[in-house]
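Summary of structural features
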Amino acid sequence: MPWNDKYECMPVKQIQQFQVEKLQETVQWVIKRVPFYKQKFKEAGVKATDIKGIEDVAKLPFTEKNDLRDNYPFGLCAVPLKEVVRIHASSGTTGKPITGPYTADDLAQWTECMVRNFYAAGVRPEHVVQNAYGHGLFTGGLGFHQGATALGCTVVPTSAGLTERQITLMQDFGAQVLCCTPSYALTIAERAEELKVDIKSLPLSIGIFGAEPWTVGMREEIEARMGIKAMEAYGLTELGGPGVGFDCEAQSGIHINEDHYLAEVVDPVTLEPVPLGEKGELIFTSLQRRAMPMIRYRTKDITRLYREKCVCGRTFVKMDKIFGRTDDMLIISGVNVFPSQIESLLLDIEEVTPQYRLVVRKKGYLDQLVVQVEGKPEVYEAGDRKKFEVEAKIMAHIRGHMGISVEANLVDPKFIARSEGKALRVVDERPKQFR
Ligand code: ADP
Ligand code: ZN
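The name given to the chain in an unreviewed UniProt entry is Phenylacetate-coenzyme A ligase, and the organism recorded there is Desulfosarcina widdelii. The chain has a UniProt comment under Function (unreviewed entry) that states "Catalyzes the activation of phenylacetic acid (PA) to phenylacetyl-CoA (PA-CoA)." One UniProt comment on the chain, placed under Subunit (unreviewed entry), says "Monomer."

1. Digging into the packing of helix 2 (residues 12-33) against helix 3 (residues 35-44)
Interhelical geometry of helix 2 versus helix 3 gives an angle of 110° and a closest axis separation of 5 Å. Taken together, the axes of helix 2 and helix 3 are roughly perpendicular relative to one another. Listed contacts from helix 3 to Val-27, Val-30, Ile-31 and Arg-33 of helix 2 are Pro-35, Tyr-37, Lys-38 and Phe-41. When its residues are assigned to classes, the contact of helix 2 with helix 3 shows 6 nonpolar, no polar and 2 charged.

2. With respect to the sheet that holds strand 6 (residues 206-210)
To summarise the sheet geometry, strands pair through backbone hydrogen bonds and adopt either a parallel or an antiparallel arrangement. The 9 strands are arranged 4-3-5-6-7-8-9-14-13 in an open sheet whose pairing can be described as mixed. Edge positions in the open sheet fall to strand 4 (154-156) and strand 13 (305-306), since each of these has one partner strand only. As paired elements, strand 6 and strand 7 (residues 229-236) share 5 bridges and run parallel to each other. Across the sheet, residue Phe-209 finds its bridge partner in strand 7, namely Glu-232. Here helix 7 (residues 163-173) sits on the sheet in contact with strand 3 (128-131), strand 4 and strand 5 (177-180), set at roughly 175° to strand 3. Across the face of the sheet, helix 8 (residues 182-194) comes into contact with strand 5 and strand 6 while running at roughly 125° to strand 5.

3. Side note on the environment of Val-216
Looking at the secondary structure, you find Val-216 in helix 9 (residues 216-226). Accessibility expressed as a relative area gives 37% for Val-216, which makes it partly exposed. Residues Val-216 and Ile-256, spaced 40 residues apart in sequence, show a C-alpha to C-alpha distance of 19 Å.

4. Digging into the coordination of the zinc ion (ligand 2)
The protein atoms that coordinate the zinc ion (ligand 2) are Cys-248 (SG), His-255 (NE2), Cys-310 (SG) and Cys-312 (SG), at distances of 2.1 to 2.2 Å. Bound by 4 donor atoms, the zinc ion (ligand 2) shows angles of 103 to 116° at the metal and therefore tetrahedral coordination geometry.

5. Quick notes on the domain arrangement of the chain
Split into domains, the chain comes out as domain 1 (1-323) and domain 2 (330-434). A straight line from the C-alpha centre of domain 1 to that of domain 2 covers 30 Å. Between domain 1 and domain 2, the contact holds 23 residues from the first and 16 residues from the second. Taken together, both faces of the contact between domain 1 and domain 2 bury some 1,600 Å²; the carbon and sulfur share is 55%.

6. Brief notes about helix 7
Helical geometry note: an α-helix holds 3.6 residues per turn, so side chains three or four residues apart project in the same direction. Those residues of helix 7 not exposed but buried are Thr-163, Gln-166, Ile-167, Leu-169 and Met-170. The buried residues of helix 7 occupy one face: seen down the axis, they fall within an arc of 165°. Phi turns positive, to about 65°, at Gly-174, one or two residues after helix 7.

7. Side note on the nonpolar core
Counting residues in hydrophobic clusters, the biggest one holds 40 residues, and the most contacted among them are Leu-60, Tyr-234 and Phe-284. Every element with two or more residues in this core is listed here: helix 2, helix 3, strand 7, strand 9 (254-256), strand 10 (261-266) and strand 11 (280-286). With 24 residues, the next largest nonpolar core counts Ile-332, Ile-349, Val-352 and Leu-410 among its residues.

8. Overview of the packing of helix 7 against helix 8
Their axes nearest at 9 Å, the elements helix 7 and helix 8 cross at an angle of 75°. Between helix 7 and helix 8, the angle falls in the class roughly perpendicular. Across the interface between the two elements, Thr-163, Glu-164, Gln-166, Ile-167 and Met-170 of helix 7 pack against Tyr-184, Thr-187, Ile-188, Arg-191 and Ala-192 of helix 8. A class-by-class count of the residues in the contact of helix 7 with helix 8 yields 5 nonpolar, 3 polar and 2 charged.

9. As for the packing of aromatic side chains
Under the counting rule described, the total for this entry stands at 12 aromatic pairs. Centre to centre, the rings of Phe-209 and Trp-214 are 5.9 Å apart; their planes meet at 80°, and the pair counts as edge-to-face. Taken individually, Phe-209 and Trp-214 each receive the classification buried, so the pair is uniform in this respect. Ring pairing ties together the aromatic residues Phe-118, Tyr-133, Phe-138 and Phe-144, which thus form one cluster.

10. Points about the pairing of strand 6
Counting buried positions over the 5 residues of strand 6 gives 5, a clear majority of the element. Side-chain alternation along strand 6 places Ile-206, Ile-208 and Gly-210 on one buried face and Gly-207 and Phe-209 on a second face that is also buried. When strand 5 meets strand 6, the two strands line up parallel, connected through 4 bridges. By the bridge assignment for strand 6, Cys-180 is matched with Phe-209. Remark: the strand 5/helix 8/strand 6 crossover connection has right-handed handedness.

11. A closer look at the sheet that holds strand 19 (residues 366-375)
Reading across the sheet, the 4 strands line up as 20-19-18-21 and stay open at both edges, with mixed pairing between neighbours. Two strands in the sheet have a free side with no partner beyond their single neighbour: strand 20 (407-411) and strand 21 (426-428). With direction set aside, neighbouring strand axes in the sheet form an average angle of 25°. Running over the sheet, helix 10 (residues 339-346) touches strand 18 (352-363), strand 19 and strand 21 and is turned about 135° from strand 18.

12. Quick notes on the state of the cysteines
Going through the model one piece at a time under the given rule, you end up with 0 disulfides. The closest cysteine sulfur to the non-disulfide-bonded Cys-77 is located on Cys-113, 19 Å from its own sulfur. Judged by its relative accessible area of 11%, Cys-77 falls in the buried class.

So, how was this worked out
Here the residue numbers are simple positions, counted from 1 along each chain's written sequence. Each chain gets a letter, beginning with A, and each ligand a number, beginning with 1, in the order they are written. Reporting of local features is limited, given that this is a predicted model, to residues whose pLDDT is at least 70; pairs of side-chain atoms are given and counted only at 80 or more, and all residues count toward the totals for whole chains, interfaces and linings. Excluding hydrogens and water, the side-chain figures rest on all heavy atoms present in the structure. UniProt positions are given in the numbering used here, feature names are shortened, and annotations may be inferred rather than shown by experiment. To define axes, lines are fitted to C-alpha atoms, for helices over the stretch in contact only, and angles between the resulting N-to-C directions are given on a 0 to 180 degree scale. Numbered from the N terminus, helices here are DSSP runs of H or I no shorter than four residues, and strands are runs of E no shorter than two. Any angle that falls under 35 degrees is termed roughly parallel, while one over 145 is termed roughly antiparallel, one within 65 to 115 roughly perpendicular, and all others oblique. Whether two residues touch is decided by their heavy atoms; if any such pair falls within 4.5 Å, the residues are in contact. Residue classes follow a fixed rule: Ala, Val, Leu, Ile, Met, Phe, Trp, Tyr, Cys and Pro count as nonpolar, while Asp, Glu, Lys and Arg count as charged, and any other residue, Gly among them, counts as polar. Pairing between strands requires that DSSP locate at least two bridges from one strand to the other. Categorising residues by exposure relies on relative accessible area from a 1.4 Å probe, with only protein chains included: less than 20% of the type maximum marks a residue as buried, more than 50% marks it as exposed, and the intermediate range marks it as partly exposed. In this analysis a donor is any N, O or S atom within 2.8 Å of a metal ion (3.2 Å for sodium, potassium and calcium), and since water is not included, sites may seem incomplete. Here a site with four donors is tetrahedral if all angles are between 85 and 135 degrees, and a site with four or six donors is square planar or octahedral if opposite donors are over 155 degrees apart and the other angles are between 65 and 115; anything else gets the irregular label. An automatic or database domain assignment supplies the residue ranges for each domain. Defined in terms of a 1.4 Å probe, buried area is the accessible area two parts forfeit on being brought together, summed over both. Arc definition: it is the arc formed by the directions from the helix axis to the C-beta atoms. Side-chain atoms within 4.5 Å are what join buried Ala, Val, Leu, Ile, Met, Phe, Trp, Tyr and Cys residues into a set we call a nonpolar core. Classification of ring pairs uses Phe, Tyr and Trp, with its six-membered ring standing for Trp, and accepts pairs whose centres are within 6.5 Å; under 30 degrees between planes counts as stacked, over 60 as edge-to-face, and the remaining range as tilted. The crossover handedness rule: strands pointing away from the viewer, path from first strand over the helix to second strand clockwise, crossover right-handed. Disulfides are defined as pairs of cysteine sulfur atoms found within 2.5 Å of each other.

And the structure:
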């Protein structure tokens, strides 16, 4: 059962008609109020009246992260600051932060999108929700806080970090729901195991994880270690934070809140739209936001969109788990490599843990990829020979599936820094001119 079936279950034709109307409004709104968009639309020779059908979105120019940086902090803001009730900023994973201002209406919409996310994950008003996303400028903490509060849950705003305290509070308050990044969930699971706290025997039954790429293998690992259902949350600061999309009980794709976000996938090189079902770069246009609407924002996230009849009854388009960010894509021996591909292959190997990172180095003219991963305790106990055997197994597995030669390194236990937020997966040690 969806939270707002009027929109969440609207027939596709009808929702697309709704999107066209909201898109026209948004285009008019930004042309009138944001000189940056007025100029860009003029250069592209496109007017609000050119938007007649949903496919006409492709006539609009793209917006990129650099446009937000160049117009920092309020150049893209479409309302005077006195109408802004909140300002968030991105965590700056890939550079200078960008701003995310909200009007009171923007905040209310965001909250509803988050309520939908919680509800779809199986969360109900009687649940205790431990919110371990970082609270502050990062949209995760407050976004989840607002959603759970509006749904009527009992919210415990632990924020990220102080892992032992997270575990103690989880025991004391009996949270059924944990919200954090998947990598932090793993850190919590590991610490609990070390402390001999059995999370499986606690009331915890649902996790809502997002803010970084994670594979299905990682989801299964977390589900098994915590004895929970690990659900998905997707979003980005530029579009207002989490609440852009979420998965439902089918756990077979992320429904996008289509009454608020128009999603497209384009070829990341030609920027031409690709047909439904094909992989490419995800593009979003906000449809109802007023403080800082986004027109065709290039997320740099790689995925595909598809429509299918979902058991949950929602008609919203689905997207696959994010395959990776184009920023994190490596080219090794001419092959495009995303950290998520390595992650899923590592999860196939029973002797290793999911604690890993990828180091890129220059070896002569070639780029060399070193996969650093921690083994399970038994491997270290068995001595060096076992260690070499596991390293060889990893290298052969990656070569077999991806056709690339990597160096695998079984690093000492706890060598990989434990994540409390977004995990650092790629360390680029190449000289600057080669990156
Ligand atoms: P930053 O770009 O600084 O990381 P954000 O905190 O706004 O800023 O993060 C948004 C990005 O986080 C998305 O573009 C995407 O790459 C990643 N992300 C968010 N949710 C998910 C998810 N469920 N799966 C994969 N990646 C995600
Ligand atoms: Zn569904």
